[in-house]
Each structure stands twice: as structure tokens, then as C-alpha cells.
Amino acid sequence: MTAPRLPEGVGLTALIASYARAQESRRRDRLFADSLAEQFVARVLDVDVSTAALPPLGPAREEHPSEFWKGLSGLFAGRTGFYDRYLTERLAAGCRQVVLLGAGLDSRAYRLAFPADTVVYELDSAQVLAFKERLVAEVGAEPAVKRVAVAADLREDWRRELLAAGFDAGVPTAWMAEGLLMYFEPDQADAFLGEIGGLSAAGSTLAGEYLNRRTRMSDIPTPEEGDRAMAEVFVSVDRGGPAAWPPAAWLATRGWTGDGPDLVEEFVSSGRGVPVLFDPRKEDPLRLHLFAATRNA
């Protein structure tokens, strides 16, 4: 078969994240199972994942992973469990409207046990969504709930596109910004949080994460030659995200209350070692803080 043409930029990072979820799903001590991620990677790399190891994709590789890939794959796997729990808890509490901001190749509408009347809106660029639709069609996957793909640029008037797609601003929403805020300048992140709040009815919640500072090449643990290109992308796309730290302080400025764990806490609680990329013992360590917050009345 002919593998689909990869989207550029952020679309590539979405594929790398899917590779990490596929790799985690193949572990005996896996934190979650994402069979669709495995099938996505299989279609892109044209392999039979039932009989073979996942072949390398840039820095991503199952065999003899570099310290850089251990850090990236640990990040993707660690935060996936956090967001899975967040959505499961929100829907158990009665929320039926989910918005995935910058959804990428997210498969939660397919793999999580959501109530049948749940509506999941997935926002991303038209290019990334078209790439995903092709992969979904090839594997014959069907969502377990109503899934609405919304092509939108999150730095522009994405709210108009979401409302036009049927989003109801009058009911509680579980918003999720997984791996997204680092792509915003601080003032853009502030405005974005205000825009989300403007569409959030009482009882709405928001989950996300961001780093304590911008990533530097010196943070990358001695990237191997095959890692360098992805390391440079990882550093170059990091625009800093919100300026306030920790996230609870930033959320409070726009009418949200909440907090969450440091990524290192997720590693420890799941029995995983802390990758060098996020080693808290380093001078001026790179930290990633996850959060789940509720919109104030």
C-alpha cells in the first residue's frame, strides 16, 4: 500500500505522539491500551504490527531508544493516563460534551467507554484532520459516540467554527488542551483561556499542561544524529505558553480554579523511572505541570 503523505510541522508531532501511545500499548505493564494508535502507525510505516516491532520514525524507536526518545515517549505516555482519567471522571459526573483542542490523532472517541449520548468535538487544522480521516477509513474504525471534526486555526476565530458545528455553549463542557499550550506566546495563551471561558457554562472544566519555561537544546540529553532534527522541531515550536507559574495561578487570572500533578509525580505514581529530560535534580530543570480546573460561577 502507499502510505499517506505526512502533514508538516505540528502534524508530525501528532504522529510521533501516536507512535509513543502505540509503543506504550505493546508493553506488558502498559498504562493504557490504544490499539488504534498501533494501527495508525502500521498504516503510515506499512508494517504488520502483529508480527513485527515498530520500525523507527525519526527519534521514535522501540529498540535501543535514545535518552531523548525516553523523555518524549515518557511525556506522551504519562500525560495520556492523566487525561484519560480526567475525561472518564467528568463523564461519570454527568458531562456529555467534550472538546479536544488540537486533537491531532487522538483516539479517545473510539477507545474510551463514554456514555452513548456523549458528543466529542475534535478541533485541529484541516490538514491534520484529513490525514486522520484517511487513516480511520483505512483501518475501518468507528467511534463509540458522536464525533464531530472541526477544522479550525486555534490562533484565529475557532469559536465560530465550533459553534457552527453544533457546539452548545449553554451546557457544561469538558475541555481538553493536551500538548497544546506550548505552541502559544504568553499573551496568546491568556487570550485563548479567555475565549474558552467565554464558551463555558457553569460546571465546565478544562484540563491541560505546560512547561515552567521554554525548552532549550541544552535540555535535550545529548541527541543522537537521528534525534537532532526532531529535537530542533521540539525546541523551535515551543513558544513558552502561559507566563504565570504554577498553572493554578494562571488559571485563577481568568476565572478557573484547579491544579494537578507535576509530570514527575505521574512517573513515580505509575512506577516508571524519571527520564533525563525531566530530571528534577538538574540545575534549572525542565518541568511539566498537568492541571484540571473548574470554571468559577
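Residues numbered from 1 in each chain as written. Predicted model: local features only at pLDDT ≥ 70, side-chain atom pairs only at ≥ 80, totals over all residues. Heavy atoms only, no water.

## Digging into the pairing of strand 5 (residues 205-211)
Walk down a regular strand and you will see the side chains alternate between the two sheet faces. The buried fraction of strand 5 is high, at seven of seven residues. Of the strand pairs in this sheet, strand 4 (residues 174-177) and strand 5 are connected by four bridges, and their pairing is parallel. Its bridge partner lying in strand 5, tryptophan 175 is registered against leucine 206. Running through helix 7 (residues 186-198), the crossover from strand 4 to the neighbouring parallel element strand 5 is right-handed. (Buried < 20%, exposed > 50% of the residue type's maximum accessible area, 1.4 Å probe, protein only. Helix = DSSP H or I, 4+ residues; strand = E, 2+ residues; numbered from the N terminus. Pairing = 2+ DSSP bridges. Right-handed = clockwise from strand over helix to strand, strands pointing away.)

## Overview of helix 7
For helix 7, which comprises 13 residues, the first-to-last C-alpha distance of 19 Å matches the rise-based estimate of 18 Å (1.5 Å per residue) to within 8%. Burial in helix 7 covers these residues: Ala189, Phe192, Leu193, Glu195, Ile196 and Gly197. (Expected span 1.5 Å × (residues − 1).)

## What about the sheet that holds strand 4?
An order of 3-2-1-4-5-7-6 is seen for the seven strands of this open sheet, with the pairing classed as mixed. Either end of the sheet is taken by a strand with one partner, and the two such strands are strand 3 (146-151) and strand 6 (256-259). Pairs of neighbouring strands in the sheet enclose a mean axial angle of 20°, with direction left out of account. Sitting on the sheet, helix 5 (residues 126-139) is in contact with strand 2 (119-124) and strand 3, with an inclination near 140° to strand 3. (Axes fitted to C-alpha atoms, helices over the stretch in contact; angles between N-to-C directions. Contact = heavy atoms within 4.5 Å.)

## Looking at the pairing of strand 7 (residues 288-295)
Strand direction decides the pairing type here: strand 5 and strand 7, joined by seven bridges, are antiparallel. Along strand 7, the bridge assignment pairs leucine 211 with leucine 288. Sheet analysis places strand 6 next to strand 7, joined by four bridges and oriented antiparallel. The residue of strand 7 that forms the bridge with tryptophan 256 is arginine 295.

## Here we look at helix 3 (residues 67-92)
Taking 1.5 Å per residue, 26 residues should reach 38 Å; helix 3 reaches 38 Å between its end C-alpha atoms and fits that length. Of all the 26 residues making up helix 3, 20 are buried; the element is thus mostly covered by neighbouring parts of the structure.

## Remarks on the nonpolar core
Ranked by internal contacts, the top residues of the largest apolar core, which has 88 residues, are Leu101, Leu123, Trp158, Leu162 and Trp175. Per-element tally for this core: the top contributor is helix 3, with 10 residues. Not counting the four nearest positions on each side in its chain, leucine 101 is found in contact with Leu123, Leu154, Trp158, Trp175, Met176, Ala177, Glu178, Leu180, Phe192 and Ile196. (Core = buried A, V, L, I, M, F, W, Y, C linked by side-chain atoms within 4.5 Å.)

## Some words on the packing of helix 2 (residues 35-45) against helix 5
In the contact formed by helix 2 and helix 5, the axes pass within 10 Å of each other and the chain directions differ by 100°. Between helix 2 and helix 5, the angle is such that the two are roughly perpendicular. Across from Leu36, Gln39, Phe40, Arg43 and Val44 in helix 2, the residues of helix 5 making contact are Phe131, Lys132, Leu135, Val136, Glu138 and Val139. A class-by-class count of the residues in the contact of helix 2 with helix 5 yields seven nonpolar, one polar and three charged. (Parallel < 35°, antiparallel > 145°, perpendicular 65-115°, else oblique. Nonpolar A, V, L, I, M, F, W, Y, C, P; charged D, E, K, R; others polar.)

## Considerations on the environment of glycine 78
Here glycine 78 lies in helix 3. Setting aside anything within four residues of it in sequence, one finds glycine 78 in contact with Leu263 and Glu266.

## With respect to the pattern of salt bridges
If you walk through the whole model with that rule in mind, you get 28 salt bridges. Of the charged contacts in the structure, one is a salt bridge between glutamate 133 and arginine 147, with a shortest N-O distance of 2.9 Å. Of the two residues, glutamate 133 sits in helix 5 while arginine 147 sits in strand 3, which places them 14 residues apart along the sequence. The class for glutamate 133 is partly exposed, based on a relative accessible area of 34%. For arginine 147, a relative accessible area of 16% gives the class buried. As a salt-bridge pair, arginine 160 and glutamate 161 come within 3.8 Å of each other at their nearest N and O atoms. Looking at arginine 160, the relative accessible area reads 54%, which means it is exposed. Connected via shared salt-bridge partners are Arg21, Asp34, Arg79, Asp84, Asp106, Arg108, Arg111, Glu178 and Glu209. (Salt bridge = Lys/Arg side-chain N within 4 Å of Asp/Glu carboxyl O.)

## Some words on the environment of leucine 193
Mapped onto the secondary structure, leucine 193 falls in helix 7. For the pair leucine 193 and aspartate 117, spaced 76 residues apart in sequence, the C-alpha separation works out to 27 Å. Excluding its chain neighbours within four sequence positions, the residues that come into contact with leucine 193 are Leu206, Trp250, Leu251, Arg254 and Trp256.

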